[in-house]
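Examination of the molecular architecture
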Protein chains: 2
Amino acid sequence: MSLAVVGSIAFDSVKTPFGERSRMLGGSAVHFSLAASFFTEVRVVGPVGDDFGDAEHAVLRERGVNTDDIEHVEGGQTFFWAGHYEYDLNTAHTDDTQLNVFGDFQPKLSDASKSADVLFLANIQPDLQREVREQCTGTRLAGLDSMNLWIDTARDSLVRTIRGVDLIFMNDAELRQLTEEANLVRAARAVMDIGPRVVIAKQGEYGAALFTPDEFFALPAYPLETVNDPTGAGDSFAGGFLGYLASQGSEDDTTLRRAMTYGSVLASFNVEEFGTERVQRLTRAEIDARFEEFRRMTTLEASQ
Amino acid sequence: MSLAVVGSIAFDSVKTPFGERSRMLGGSAVHFSLAASFFTEVRVVGPVGDDFGDAEHAVLRERGVNTDDIEHVEGGQTFFWAGHYEYDLNTAHTDDTQLNVFGDFQPKLSDASKSADVLFLANIQPDLQREVREQCTGTRLAGLDSMNLWIDTARDSLVRTIRGVDLIFMNDAELRQLTEEANLVRAARAVMDIGPRVVIAKQGEYGAALFTPDEFFALPAYPLETVNDPTGAGDSFAGGFLGYLASQGSEDDTTLRRAMTYGSVLASFNVEEFGTERVQRLTRAEIDARFEEFRRMTTLEASQ
């Protein structure tokens, strides 16, 4: 089944204790698309400026991502973010944000994107997310990511937007802030009361937890000795998750658990190197091998 | 196989957003013993004062814990701790500590305790832990807990003590602080380089992770909607873990994974109510039912 993502396409300058890169290809829609591309046909929707050239398009196209709905704004510049991480790598510190063409972004979706079976609304202003959701009348399954900024500044709009989606991906602190529930289990139930049937709590170095009305499932993060750049981990997770889900055409409990695992696999590869470096040369065989490692390291009976 | 624990026996006054209790029976050796008592014969070693009476002894004896090595210091008072937790329940804030008889504690172990097959050195001054370890010539397997205070004030002694044990239970931050490694996988390896073959990273609401030279295993915490008092969770975890291990007489990978699960089960019951309230009336059937729930909620293929 087809999958469309609406979100940011960006250039990122990132510095971590382990190195730095200038103006790498980044943005939520990019990380999501590359991760999802291993499982299904992906269409990416978002604006870019004159500085977004053939090389950037090629990164997406080489992974089979459909870029027809990337909107080139003549005379504009692509969204730019600069940030750094301290030793613990848990918190991104923003040094510079230039919205550029993203500041006036009005999503225009082709008919093909509007009728994609699965839709991911990456972390953008909730009014825009809702506008996209309402255009996508062919969508069977919609997921959404958001952040503390929108809980602080556009809470009512965000809640209305959440009402229209099936899955939500947020980190623990955001779920707690959104629902004003200190207990994560209660926070997840409070989100389900708004609308979504599936709540995914992203927990950074601790992995992720899945809540549905009847089930709980949790997965640790893959134990990496080297993490170079956590930027894009959450979007890679969502991409692996929804890409796999779209490829299956079902959302039963086992499929959701496998989707959690593929999401964790893609996130783990993403953070091993800077930006999209690792995922660009990733293979399906590597993904499947790490999926099996996840199974092995979470199964109560150790394999010999 | 028999199990001995050396640590604090205490009265705790605890206040959380969900209630408060005065002078409950507590202390690391008590929480550990009660948890371990569901699996094996446990001997508890530690000092108490005149205020420690029949009622307190009875709590331990009713669970079959051997209290012969509880040392009654005439004219003394039992260790007392008062603390509170904020809404997130992650951090204990100490309001009062009265060491009392614990201040002059010189562990005196009976021959039966010295020859216990499994020994747990709960979180006390590392010189004392090492002294106990050296007395226990019959011990086949020794585990240790410690804390940031001893890393700050008695690091060399702590490292020497760690050299003599087989398993270590510490939280993530303490493992990182001890080894000066920001990455948890590297921190665990650095601890193994000191001596222990098994490193258990306690991760609070995120569960726990197990590192051995060849294996990694992680388990989420049980998803509770009601957590009343986290005091003693770590010791209950260690008690469930080592109690189960002692009952098996083996430390192969599957046994260690099952021990992780029993540890998590006991910790989850411990935090549901204040102090030892919940564990005192716990049954083995309840433990086994929750063990199966853990298996269900961490298995990739959902059961229907």
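Residues numbered from 1 in each chain as written. Chains lettered and ligands numbered in written order. Predicted model: local features only at pLDDT ≥ 70, side-chain atom pairs only at ≥ 80, totals over all residues. Heavy atoms only, no water.

It is worth spelling out the packing of helix α9 (residues 233-248) of chain A against helix α10 (residues 253-272) of chain A at this point. Packed helices, taken two at a time, are described by the angle their axes make and the gap between the axes. Residue and element names in this part refer to chain A. Put simply, α9 and α10 touch, their axes get as near as 7 Å, and they point 140 degrees apart. In terms of crossing hand, the pair formed by α9 and α10 is right-handed. Only Thr 255, Leu 256, Arg 258, Ala 259, Met 260, Tyr 262, Gly 263, Ser 264, Leu 266, Ala 267, Asn 270 and Val 271 of α10 make contact with α9, whose side of the interface consists of Ala 233, Ser 236, Phe 237, Gly 240, Phe 241, Tyr 244, Leu 245 and Gln 248. In terms of residue class, the contact of α9 with α10 is built from 12 nonpolar, 7 polar and 1 charged. (Axes fitted to C-alpha atoms, helices over the stretch in contact; angles between N-to-C directions. Helix = DSSP H or I, 4+ residues; strand = E, 2+ residues; numbered from the N terminus. Left-handed = near helix turned anticlockwise from the far one by under 90°. Contact = heavy atoms within 4.5 Å. Nonpolar A, V, L, I, M, F, W, Y, C, P; charged D, E, K, R; others polar.)

All names here are of chain A. The element strand β2 (residues 10-16) is extensively covered by neighbouring structure, given that 6 of its 7 residues are classed as buried. Summarising the sheet, β2 and strand β3 (residues 19-26) pair through 6 bridges and their orientation is antiparallel. Residue pairing in the sheet places Thr 16 in a bridge with Gly 19 of β3. Turn length for the β2-β3 hairpin, with the two strands adjacent in sequence and antiparallel, is 2 residues. As defined by bridge partners, β2 adjoins strand β6 (residues 79-85) across 6 bridges and the pair is classed as parallel. (Buried < 20%, exposed > 50% of the residue type's maximum accessible area, 1.4 Å probe, protein only. Pairing = 2+ DSSP bridges.)

The operation relating chain B to chain A is a screw motion whose rotation component is 180 degrees, with 0.0 Å of axial translation and a residual RMSD of 0.0 Å. Look at the turn and shift together and you get a two-fold axis relating the two. Here 100% of the interface residues in chain B have copies in chain A that are interface residues too; the copies meet face to matching face. (Least-squares fit on C-alpha atoms with pLDDT ≥ 70 in both.)

As a general point, the strands of a sheet are linked pairwise by backbone hydrogen bonds and lie either parallel or antiparallel. All names here are of chain A. The 4 strands lie next to each other as β3-β2-β6-β7, forming an open sheet whose pairing is mixed. The strands lining the two open edges of the sheet, one partner per strand, are β3 and β7 (92-98). Shown here is a sheet whose adjacent strand axes are inclined to one another by a mean of 15 degrees, direction ignored. Alignment of β6 against β7, held across 6 bridges, turns out to be antiparallel. Residue pairing in the sheet places Tyr 85 in a bridge with Ala 92 of β7.

Take the pattern of salt bridges next. In total, this model carries 34 salt bridges over all chains according to the counting rule given. We note a salt bridge from Glu205(B) to Arg176(A), for which the minimum N-O separation is 2.7 Å. One end of the pair, Glu205(B), is in the loop between β11 (198-202) and β12 (208-211); the other, Arg176(A), is in helix α7 (residues 172-179), on a second chain. Put simply, Arg284(A) and Asp288(A) hold a salt bridge, and the shortest N to O gap is 3.2 Å. On the criterion of helical spacing, the pair formed by Arg284(A) and Asp288(A) is a turn pair, its members being 4 residues apart in helix α12 (residues 284-298). On the basis of relative accessibility, which here comes to 33%, the residue Arg284(A) falls in the partly exposed class. A relative accessible area of 28% places Asp288(A) in the partly exposed class. Through salt bridges with shared partners, one network takes in Glu272(A), Arg278(A), Glu286(A) and Arg290(A). (Salt bridge = Lys/Arg side-chain N within 4 Å of Asp/Glu carboxyl O.)

What follows concerns the confidence of the model for chain A. The predicted model of chain A averages 96 in pLDDT, with 99% of residues at 70 or higher. Interface scoring of the predicted complex returns ipTM 0.92; its pTM is 0.95. (pLDDT = per-residue confidence, 0-100.)

Soluble, globular proteins show a tendency: their nonpolar side chains are buried together. Core analysis: the largest hydrophobic core is formed by 211 residues, its most contacted members being Phe211(A), Phe241(A), Leu242(A), Phe211(B), Phe241(B) and Leu242(B). In this structure Phe241(B) touches Leu167(B), Phe169(B), Ile200(B), Leu210(B), Leu256(B), Ala259(B), Met260(B) and Gly263(B), once residues within four positions along its chain are discounted. (Core = buried A, V, L, I, M, F, W, Y, C linked by side-chain atoms within 4.5 Å.)

Another point: the interface of chain B and chain A. If you look at the interface, chain B gives 37 residues, while chain A gives 37 residues. Regarding the contact of chain B and chain A, the summed buried area is about 3400 Å², with carbon and sulfur atoms giving 50% of it. For the chain B face of the interface with chain A, the top three residues by lost area are Tyr206(B), Glu225(B) and Leu300(B), together amounting to 22%. The tally of links from chain B across to chain A stands at 6 salt bridges. Here Arg189(A) makes a salt bridge to Glu225(B), at a shortest N to O gap of 2.8 Å. In this assembly, chain B and chain A are joined by 18 residue pairs in polar contact (both at pLDDT 80 or more). Contributions of two or more residues to the side of chain B that touches chain A are made by α7 (172-179), α8 (184-194), β13 (216-219), α10 (253-272) and α12 (284-298) of chain B. (Buried area = accessible area lost by both parts, 1.4 Å probe. Polar contact = N/O pair within 3.5 Å; in protein donor to acceptor, adjacent residues only side chain to side chain.)

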